[in-house]
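# Tertiary structure, described
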Amino acid sequence: MVKYLVSITLLATVLATVQAQLKGYPPSEKVPDVKSAQVKAWLKEVDLSGAPKIPIAKGRPGDAPKCNKRQLPNECHWTCFDCAADDITVCPRANTWGLTFDDGPTAATPVLLDYLKSKRLNATFFLIGSNVAALPKHVQREVAEGHHLASHTWSHTALTTLTNEQIVAEMKWTEKAVLEATGLRLKYMRPPFGDINNRVRYVLKKLGYLVVDWTGDEFDTNDWDPELSDSKKIALMTKSLNKYAAGKRTKGFYMLEHDQSASTVKLAPKLLPLGIARNISFGNVPVCQGDSQPYQTVVKAPVV
């Protein structure tokens, strides 16, 4: 599988505004400190002793790590070796476009929400925790308009490059930000860059999370790639959707899209009509999975 790469520069506009607003939270562009009192308290609540002994991958925070030539025993790395284990990779609902957007909320998110509202569509938003802490009202609007919230970690760092304790910190700080904004404790997550192996899965399961990847390279819109023109992206998706529509449609798919910037958001109104024209239905993760309890807990009525 081709590695899913997102340049850290595409998040710069968000990070620049976020930093000054994170009162009581870690820095937005960094992996949270595992020695903080808050993280130490969280670590006391989870037993990580049984985690697989898989080495920490080498990589920079803004990039997915380079793939090894050979997969390690019991590694099951999804991005590098297409090994999904029990990750959710397909929408089980027939003829359904699993509508998901990563990396928000950002200043561009309201434009996307306006469009989705006009089409009466509900999506799952895989949220970056530091962005939630800076822009809680965007997340509150998502809930109010029927969208589903899920985690995309605190700093968008490749999880196989982190220690088990750092993974806990990434997930729990995001969980805390969303909980404080909405009263909802997240249940689903998507790893940044699709970077996940069995060690990461073990930690995520200990925290109560279900992993949602996407349905392979054919369903990556490449909206994040500045080197591809919009016309090329539309052509690639047209080809993928034609192939899907020509099949039996007994199952759906999860599409990879982003609300990380104005450029990614403006592509959605060009891509979603391709599904509508082919009579493909749309649904967020709970709709796809038939999940009537899409959060770990609802601590209080969501703030709207």
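Calculation criteria
Residues numbered from 1 in each chain as written. Predicted model: local features only at pLDDT ≥ 70, side-chain atom pairs only at ≥ 80, totals over all residues. Heavy atoms only, no water. 1 Å grid on protein atoms, 1.4 Å probe; cavity = no way out; pocket = protein on both sides within 12 Å on 5 of 7 lines; lining within 4 Å. Points joined across faces, edges and corners; volume = space filled by probe spheres on them. Nonpolar A, V, L, I, M, F, W, Y, C, P; charged D, E, K, R; others polar. Disulfide = S-S within 2.5 Å. Helix = DSSP H or I, 4+ residues; strand = E, 2+ residues; numbered from the N terminus. Buried < 20%, exposed > 50% of the residue type's maximum accessible area, 1.4 Å probe, protein only. Core = buried A, V, L, I, M, F, W, Y, C linked by side-chain atoms within 4.5 Å. Contact = heavy atoms within 4.5 Å. Axes fitted to C-alpha atoms, helices over the stretch in contact; angles between N-to-C directions. Parallel < 35°, antiparallel > 145°, perpendicular 65-115°, else oblique. Left-handed = near helix turned anticlockwise from the far one by under 90°.

- Under an unreviewed UniProt entry, the name given to the protein chain is Chitin deacetylase, and the organism recorded is Linnemannia gamsii.

## A few points about the layout of surface pockets
- Roughly 250 Å³ of volume is contained in the largest pocket.
- Lining the largest pocket are 16 residues, with Ala57, Lys58, Pro65, Lys66 and Asn68 sitting closest to its centre.
- Class assignment for the residues of the lining of the largest pocket results in nine nonpolar, four polar and three charged.

## Some thoughts on the state of the cysteines
- Counted under the stated rule, the structure contains three disulfides.
- Shown here is the disulfide that connects Cys67 with Cys80, its sulfur atoms set 2.0 Å apart. Between Cys67 and Cys80, the S-S torsion sits near -85°, and that sign places the bridge as left-handed. In this pair, Cys67 sits in the loop between helix 2 (37–44) and helix 3 (78–81) while Cys80 sits in helix 3, placing the two residues 13 residues apart along the sequence.
- The partner cysteine of Cys76 in its disulfide is Cys83, sulfur to sulfur 1.9 Å. What sets the handedness of the Cys76 and Cys83 disulfide is the S-S torsion sign, and at about -90° it is left-handed.
- Given the relative accessible area of 23%, Cys83 is considered partly exposed.

## Points about the nonpolar core
- Formed by 71 residues in total, the largest nonpolar core has its most connected members in Trp97, Leu99, Leu116, Leu149, Leu204 and Leu272.
- Broken down by element, this core gets its largest block of residues, eight residues, from helix 7 (residues 164–182).
- Every residue in contact with Leu149, bar those within four places of it in the chain, is listed here: Phe125, Leu127, Val139, Glu142, Val143, Val178, Thr182, Leu184, Leu186 and Tyr295.

## As for the packing of helix 9 (residues 230–245) against helix 11 (residues 268–277)
- Put simply, helix 9 and helix 11 touch, their axes get as near as 10 Å, and they point 20° apart. Between helix 9 and helix 11, the crossing angle belongs to the class labelled roughly parallel. Between helix 9 and helix 11 lies a crossing whose hand is right-handed. Across from Asp230, Lys233, Ile234, Met237, Thr238 and Leu241 in helix 9, the residues of helix 11 making contact are Lys270, Leu271, Leu274 and Gly275.
- Of the residues belonging to the contact of helix 9 with helix 11, the class tally is five nonpolar, two polar and three charged.

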